[in-house]
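Understanding the architecture of this molecule
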Amino acid sequence: DAGVTQSPTHLIKTRGQQVTLRCSPISGHKSVSWYQQVLGQGPQFIFQYYEKEERGRGNFPDRFSARQFPNYSSELNVNALLLGDSALYLCASSSPGQEITDTQYFGPGTRLTVL
Amino acid sequence: DQQVKQNSPSLSVQEGRISILNCDYTNSMFDYFLWYKKYPAEGPTFLISISSIKDKNEDGRFTVFLNKSAKHLSLHIVPSQPGDSAVYFCAGGLYGNKLVFGAGTILRVKS
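In this report, the structure presented in the accompanying data block is examined. What you are looking at is a predicted structure, and each value in this text was computed from that prediction instead of being measured. (Residues numbered from 1 in each chain as written. Chains lettered and ligands numbered in written order. Predicted model: local features only at pLDDT ≥ 70, side-chain atom pairs only at ≥ 80, totals over all residues. Heavy atoms only, no water.)

The next thing to look at is the side chain of S74 of chain B. Residue and element names in this part refer to chain B. You can see S74 is positioned in strand β8 (residues 72–77). The class of S74 is buried, set by a relative accessible area of 6%. There is a polar contact of 3.4 Å between the side chain of S74 and the side chain of H76. Contact partners of S74, with chain neighbours within four places excluded, come to I20, L21, N22, W35, T63, V64 and F65. (Helix = DSSP H or I, 4+ residues; strand = E, 2+ residues; numbered from the N terminus. Buried < 20%, exposed > 50% of the residue type's maximum accessible area, 1.4 Å probe, protein only. Polar contact = N/O pair within 3.5 Å; in protein donor to acceptor, adjacent residues only side chain to side chain. Contact = heavy atoms within 4.5 Å.)

This is how it looks when you write it as structure tokens:
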């Protein structure tokens, strides 16, 4: 079975540009979460979506937005890129509702470099 | 405010011996904890989890212990293998959502 997939693998942008990252969850998973991981730190929660509704948002500026589609795939958008947005962006899928404690499974990430 | 802390940036262990990775948390609302392993250029791989109603969970060579009164959890790997060399992250959350991660511990298993 395919795991969580993300595209693109790598991306280079310049300051002020906009970027869209994509994620496809594990088949059957209805929840997608996005995390940002900068070098030397653990992943930091950005968003969680479930059934196309935003379920939670981390401490990130409004330049960050996301959405989930009817097929449960998701996009993360970042506007007005800053140098500090350079990071590994991770997508995780889970299947809430089946168990009270659902496990999040991560994709390989998209490495974003802002110049 | 670091809600999850992994105070050891790195750990070096001989092959065949036990590896013990530690994690402390401050948020008493967390009811689910997970350990992930991460290789360079890959996403975190789920290893093992524990619910706050338990104090121990085992899966093969991996055991996680939870001490709620001390707000401390640990991951034991026995026996350690060279392939276990990676960065290990602990994470806590409510119902496993909105996970809060520690900064990670680099484990090196020497053969």
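From this point, the narrative continues.
Turning our attention to the sheet that holds strand β1 (residues 4–5) of chain B. Taken together, 5 strands build an open sheet; the order of strands is β1-β3-β8-β7-β6 (chain B) and the sheet is antiparallel. Unpaired on one side and paired on the other, β1 and β6 (56–59) of chain B mark the two borders of the sheet. (Pairing = 2+ DSSP bridges.)

Computed from the structure, the largest pocket encloses a volume of approximately 590 Å³. Forming the boundary of the largest pocket are 25 residues, of which Q44 and F45 of chain A together with Q3, L99 and V100 of chain B lie nearest the centre. Mapped onto the lining of the largest pocket, the elements with two or more residues apiece are β5 (44–50) of chain A together with β9 (86–94) and β10 (97–101) of chain B. A per-element tally of the lining of the largest pocket places β10 of chain B first, with 5 residues. Its residues placed into classes, the lining of the largest pocket shows 10 nonpolar, 12 polar and 3 charged. (1 Å grid on protein atoms, 1.4 Å probe; cavity = no way out; pocket = protein on both sides within 12 Å on 5 of 7 lines; lining within 4 Å. Points joined across faces, edges and corners; volume = space filled by probe spheres on them. Nonpolar A, V, L, I, M, F, W, Y, C, P; charged D, E, K, R; others polar.)

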